[in-house]
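Overview (structure and organization)
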Amino acid sequence: WLDLANAFGSVHHDLITFALAHYHAPPELIQLVTNIYDGLTAVVSTKSWTTAPIHLQLGVYQGDPLSAIIFNTVMNTLVNSIIQRYSQLGYSLNSVCSRINLLQYADDTSLIGDGPSSCQHLLSITESWLDWSGMRANVPKCVSVAIKASTGKAYNPNLKLNNKPIPYLGETTFRFLGAPVAIHSTSDQSREHLMSKLTSMLEKIDATSVTRQQKLKLFKVSICPRLTWDLSISDLPISWLQSHLQPIATRFLKRWSGLARSADPNRLFLPRTNGGLELPHLVTMYKKLHASKAGSHMLSSDSSVRAIATQVTLRESQLQRVSFRPHQVVVGVMEEDPGAPKKKVLSRVKAKIQAEDTASRLAHTSSLPVQGLTVREYEGSAAQNWSTAVFSLPEWVFKFALNAVTDTLPHNVNLCKWKKLSSPQCQLCGETQSLAHILNSCQKALTLGRYSTRHDGVLKVIVDFLQHHMAAGFQITADLPGQQYTFPQDIAPTDLRPDIVMWSTSAIYLVELTVPFETNIAGAAERKAHRYRELASACGRSHHTSIITLEVGSRGFLSIAGFQQ
């Protein structure tokens, strides 16, 4: 592995012109690039003096989008020299006909030979190219290793560059394109690095003063993208990810969201259409990254890469006790849609993994008698409306809503269950204090007007919306404190007071709001509809009449049918 000293800053401007001409770039492009670099000067200036202009003949512009293309074009003269002229010196894998003698990415060079002598020959060619191009290698930072085919043991190949010995890999570890390379590398190093990196980033966000919701969003848009490369280059057991890495993230996510320790963490990762917060799950991330990588290799335009992927796919298919086989996931998708383009295959692979993992988490949460209640009862737009709305709530309400929906609030029934209290009795009325009791059933709270206050607060929001959106020619009245209530007695005389009445010369709408516990929504709708059926019949003699029941669960879930109507 070669390290080029100041690679981007060592490219001679004449070499740029040569490389562009060598690869038959249009004369206009060559002239344009020449004009950019021709006569390039710089000065060093201080408060007391300034140098004369210094003519710059080396280096490409840092930060210029064109610089990467120019640099790669120059480096390609080395790539072509070695690959096209000296392929016989490379190493041949069993399943690959052509030999591999070079891996190049920008200024990262890896020479591969079928033995020390072949590799030394490749180094001599590279040395000649460096002399010709005016670039140089930083030999002390280069690394070499050889492996005996018969035993698989590593040894020092004693390679040299510019008559200087290239350091042997030995017991050290270095990174090539971000991936760790070591002779005695163990997965422990990758695991410790991942755990340390994740913990460090989580602690930094934890120490900030941003809101709960902002911390959760930072996990999604900042931390997870910074883990993608480490996860994609690490070969880790799914069981380790589930038992070690994911719990680190879950612990912080629970703390930030305010979700109780006893709450099912799947609520954090389920889709919004299932009432979840739709945060990324690291295990699912890992699966999608590795399956996507496997698909990219299997459908690569490089025949050598495809051949290696085929070999890995065959070996993977023979494994019996592996919980996740990425190449087999790709094979399954390709069998379902033969001939599909690469982009479509990769997209379907990731979608399939996401769907399977979501289904597994959903099945577990749904099986929970108490915490899975709202997941079983609500999905689609009703659940999505709730998940979207809670993110915009004040922090303390956000925490309350999450724990209410999982029934992990510290009411007396739970406190007894957690050995924090000896009696589950309500301090107000003496009945058993469950979540449903607090939110909807305490007679003392009813007498104190707490439920009425909540009901009127929801009703006012609905009335304000209707007043701004109702059609011309309509009038509205609502049974709200401090507001005059006027039922149109000319349509039908009555002493009933529907929560909202909207009417015109030809139509009337009787709207009744209920804020029940979610398990009682269906019964509440039927009860309200029955109560106003006779009034609706009387109004129907002269007006088109509709009864609309609106149910807003006390934990925030809406009955969509009434609102759609």
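Our subject in this report is the structure included herewith. Quick caveat: nothing in here was measured; it's all calculated off a predicted structure.

How each quantity is defined
Residues numbered from 1 in each chain as written. Predicted model: local features only at pLDDT ≥ 70, side-chain atom pairs only at ≥ 80, totals over all residues. Heavy atoms only, no water. Helix = DSSP H or I, 4+ residues; strand = E, 2+ residues; numbered from the N terminus. Polar contact = N/O pair within 3.5 Å; in protein donor to acceptor, adjacent residues only side chain to side chain. Buried < 20%, exposed > 50% of the residue type's maximum accessible area, 1.4 Å probe, protein only. Contact = heavy atoms within 4.5 Å. Pairing = 2+ DSSP bridges. Axes fitted to C-alpha atoms, helices over the stretch in contact; angles between N-to-C directions. Parallel < 35°, antiparallel > 145°, perpendicular 65-115°, else oblique. Nonpolar A, V, L, I, M, F, W, Y, C, P; charged D, E, K, R; others polar.

**Here's the deal with the side chain of Q371**
Within the element layout of this structure, Q371 appears in the loop between α12 (342-366) and α13 (373-377). Side-chain polar atoms of Q371 contact the backbone oxygen of S262, separated by 3.2 Å. Reaching out from Q371, the side chain makes a polar contact with the backbone nitrogen of D264 at a distance of 2.6 Å.

**Comments concerning the environment of D108**
In this structure, D108 sits in strand β5 (residues 108-111). Under the relative-accessibility criterion, D108 is labelled partly exposed at 27%. Sequence separation between D108 and H193 is 85 residues; the distance between their C-alpha atoms is 23 Å. Setting aside residues no more than four positions away along its own chain, D108 makes contact with L103, F176 and L177.

**Description of the sheet that holds strand β12 (residues 475-478)**
Strand order across the open sheet formed by four strands is β12-β13-β14-β15, with mixed pairing between neighbours. Taken across any chain shown, the strands that pair with only one partner, and hence form the sheet edges, are β12 and β15 (544-551). Taken pair by pair, the neighbouring strands of this sheet meet at an average axis angle of 15°, ignoring direction. The pairing of β12 with strand β13 (residues 500-503) spans four bridges and is antiparallel. Looking at β13, one finds that Q475 is bridged to W503. On top of the sheet, helix α20 (residues 521-531) reaches β14 (507-514) and β15; it is set at about 150° to β15, its chief contact.

**Remarks on the packing of helix α1 (residues 13-22) against helix α3 (residues 65-85)**
A pair of packed helices can be characterised by two numbers: the angle between their axes and the separation between those axes. Direction vectors running N to C along α1 and α3 enclose 75°, while the axes themselves pass 9 Å from each other. It follows that α1 is roughly perpendicular to α3 by the angle criterion. Facing L15, I16, A19 and L20 of α1, the residues of α3 in contact are I70, T73, V74 and T77. Taken together, the residues of the contact of α1 with α3 sort by class into six nonpolar, two polar and no charged.

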